[in-house]
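The lines below spell out each chain.
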Amino acid sequence: MSFSRKFARDPTPVNPRSSKNANDTLSLLLMGDTQYYYHCEDINNPCKLVTEDIRGKYHMIRNNSFPVEITPNQTMLEAQETTYKMESRYANRVQKESLAKFIDDQNVKPSALIINGDITQNGRQDELEEFHTNWLKNISIPVILGLGNHDYQDNLKTCKNCTHFMLMWYTAYLKKMYLNADLQKTRNKSETLVTGSMSWKKKMCSANGKTCAHVVQLNNKLDYGLDFTFNSVRWNISSPRSYILNELNRLHVSEIDGIGDIRFTEHDFSDLEQVPRIAVFNAHWHESHNATIECIYGLKVPFIFVGSVPRNRFSFLQMDQNKAIITGYEAIDMTLSKGAGFRKLESVKLFGKCEKTVRLQFGEVPSS
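Residues numbered from 1 in each chain as written. Predicted model: local features only at pLDDT ≥ 70, side-chain atom pairs only at ≥ 80, totals over all residues. Heavy atoms only, no water.

**Brief notes about the overall build of the protein**
In step 1: Summing up its helical and strand segments, the protein has 7 helices and 21 strands in all.
In step 2: By the burial criterion, 52% of the 368 residues in the protein qualify as buried.
In step 3: Taking contacts inside the protein between residues at least 6 apart in sequence as the whole, the part at least 24 apart equals 67%.
In step 4: Accessible surface computed for the protein: about 17,500 Å², of which carbon and sulfur atoms make up 48%. (Helix = DSSP H or I, 4+ residues; strand = E, 2+ residues; numbered from the N terminus. Buried < 20%, exposed > 50% of the residue type's maximum accessible area, 1.4 Å probe, protein only. Contact = heavy atoms within 4.5 Å. Areas by Shrake-Rupley, 256 points an atom, 1.4 Å probe, with all protein chains shown as cover.)

**Observations regarding the environment of Asn180**
In step 1: Structurally, Asn180 is set in strand β5 (residues 180-181).
In step 2: When its relative accessible area of 45% is taken as the criterion, Asn180 is described as partly exposed.
In step 3: Placed 36 residues apart in sequence, Asn180 and Val216 show a C-alpha to C-alpha distance of 9.7 Å.
In step 4: Discounting residues that sit within four places of it in the chain, Asn180 has contacts with Ser199, Trp200, Lys201 and Tyr243.

**Observations regarding unusual backbone geometry**
In step 1: The omega torsion of the bond from Tyr36 to Tyr37 falls at 0 degrees, within 30 degrees of zero and hence cis.
In step 2: The residue after Gly117, namely Asp118, is reached through a cis peptide bond having omega -20 degrees.
In step 3: Mapped onto the elements of the fold, Asp118 is located in the loop between β3 (112-116) and α4 (125-135).
In step 4: Positive phi values are uncommon outside glycine, yet Met198 reaches one of about 70 degrees.
In step 5: Its location among the elements puts Met198 in the loop between β7 (192-196) and β8 (200-205).
In step 6: In this structure, Lys338 takes a positive phi of about 55 degrees despite not being glycine.
In step 7: Structurally, the position occupied by Lys338 is in the loop between β19 (324-331) and β20 (342-349).

**Topic: the sheet that holds strand β11 (residues 233-237)**
In step 1: Pairing within the open sheet is mixed, and its 4 strands lie in the order β6-β7-β11-β10. What marks the edges here is a single partner per strand, and that holds for β6 (184-187) and β10 (226-230). Here the average twist between neighbouring strands, direction ignored, is 15 degrees.
In step 2: In this structure, β6 lies alongside β7, joined through 4 bridges in antiparallel fashion. Bridged to Arg187 within β7 is Thr192. (Pairing = 2+ DSSP bridges. Axes fitted to C-alpha atoms, helices over the stretch in contact; angles between N-to-C directions.)

**A closer look at the sheet that holds strand β16 (residues 290-296)**
Strand pairing in a sheet relies on backbone hydrogen bonds. The paired strands run either parallel or antiparallel.
In step 1: Spatially, 4 strands are ordered β15-β17-β16-β21 in an open sheet, and the strand pairing comes out mixed. At either margin of the open sheet sits one strand with a lone partner, and together these are β15 (280-282) and β21 (358-361). Averaged over neighbouring strand pairs, the angle between their axes works out to 15 degrees when direction is ignored.
In step 2: Across 3 bridges, β15 lies against strand β17 (residues 299-305) in parallel orientation. Looking at the pairing, Phe281 lines up with Ile304 of β17.

**Points about the pairing of β8**
When a strand is regular, its side chains alternate between the sheet's two faces.
In step 1: Summarising the sheet, β5 and β8 pair through 2 bridges and their orientation is antiparallel. Note that in β8 the partner of Asn180 across the bridge is Lys201.
In step 2: Relative to strand β9 (residues 212-217), β8 runs antiparallel, the two sharing 6 bridges. Across the sheet, Lys202 pairs through a bridge with Val215, a residue of β9.

**Details of helix α3 (residues 74-105)**
In step 1: Its 32 residues place the ends of α3 47 Å apart at the C-alpha level, agreeing with the 46 Å of an ideal helix rising 1.5 Å per residue.
In step 2: Of the residues flanking the start of α3, the one acting as N-cap is Asn73, its side-chain oxygen 3.1 Å from the backbone nitrogen of Thr75. (Expected span 1.5 Å × (residues − 1). Polar contact = N/O pair within 3.5 Å; in protein donor to acceptor, adjacent residues only side chain to side chain.)

**Some words on the packing of aromatic side chains**
In step 1: Considering all chains together, one arrives at 11 aromatic pairs under this definition.
In step 2: Ring centres of Trp169 and Tyr170 lie 6.4 Å apart, and the angle between their planes is 35 degrees; this geometry places the pair in the tilted category. The pair Trp169 / Tyr170 is uniform in exposure class, with both members buried.
In step 3: Geometrically, the ring pair formed by Phe314 and Tyr329 is stacked, given 5.4 Å between the ring centres and 5 degrees between the ring planes. In this pair, Phe314 is assigned in strand β18 (residues 313-319) and Tyr329 in strand β19, connecting sequence segments 15 residues apart.
In step 4: The class for Phe314 is buried, based on a relative accessible area of 0%.
In step 5: Through a chain of ring-to-ring contacts, the aromatic side chains of Phe102, Phe314, Phe316, Tyr329 and Phe342 assemble into a single cluster. (Phe/Tyr/Trp six-rings, centres within 6.5 Å; stacked < 30°, edge-to-face > 60°.)

**A look at the pattern of salt bridges**
In step 1: Evaluated as defined, the whole model comprises 12 salt bridges.
In step 2: A salt bridge links Asp126 to Arg124; its shortest N-O distance comes to 3.1 Å.
In step 3: The class for Arg124 is partly exposed, based on a relative accessible area of 26%.
In step 4: A salt bridge links Glu330 to Arg343, with the shortest nitrogen-to-oxygen separation between them at 3.0 Å. Here Glu330 is found in strand β19, whereas its partner Arg343 is found in strand β20, with 13 residues between them in sequence.
In step 5: Here the salt bridges share partners, and the residues they tie into one network are Lys48, Arg55 and Glu87. (Salt bridge = Lys/Arg side-chain N within 4 Å of Asp/Glu carboxyl O.)

Have a look at this one:
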């Protein structure tokens, strides 16, 4: 993601509640991994309590698997599948209710909720239908989606029709949402050919249009692609590497290959007002909710794991013409939090000068 405003020498805090700069502030909610139906992270204690009895009855350990000395029978495997669904539905309910409460609490609603894949575990129709019912309805802000490896990569060998189904759905979604996607479709007498990386970009701005972010979604790893045919449709999905490099080259970035390996072309960094502001937002590692602020040429380049449903975490990005801040949040069951719904964690300033790389785990400081 890149940001079209310039650095300020003496930034003031982002305060979207202030009527003075509310229209200047662009805010986005970020999360990943609704992943119907996947179990919760072991550290998500309230979620694990939901299946504690059934896991004990069928000799499952905390991560819903069986000890190596046990060979599960069909009844035990069905019980395991039940725990996956119970925990997934619990965590998704808690996350959605928390976000709904958070959105209602804001004087100015966030511009969008970006869900950075995986939206399903296996790309099955029942998983997608439950996601669609629970997340694409009754949310008061736009929901913008990316896919992940569980949606279409991991199930290609075991369920080719699932991969085809998910890709058909997502290409229709991209068109419906008017997302500028790297996707081309051609037809001949025998088949339809779909090519491109499926990456998309969207310019998102504050209410007055003064603060903008150029959001780029890759949908998968830089080295991933696939090529298969199903029902007279050939899917030739390419790696997103070329797409993202083309987007970054105009910002004087010559290469990107993982955390901390962004390389800038020869460029004058003496004037901070001319330096592009770039941040990378990840999901998919369910337990990870952290910020790595890489110090590159004395300037901050943030890499953020935004939080996942299995851990019940999310992040809130706020930026105005002077400053950009991301804050971590823990989603909490409304009944356990007396209606609070969420707990604020640390905040991190994303851009500016730096002397060294800094790493922060959201939530590592205990609440008082």
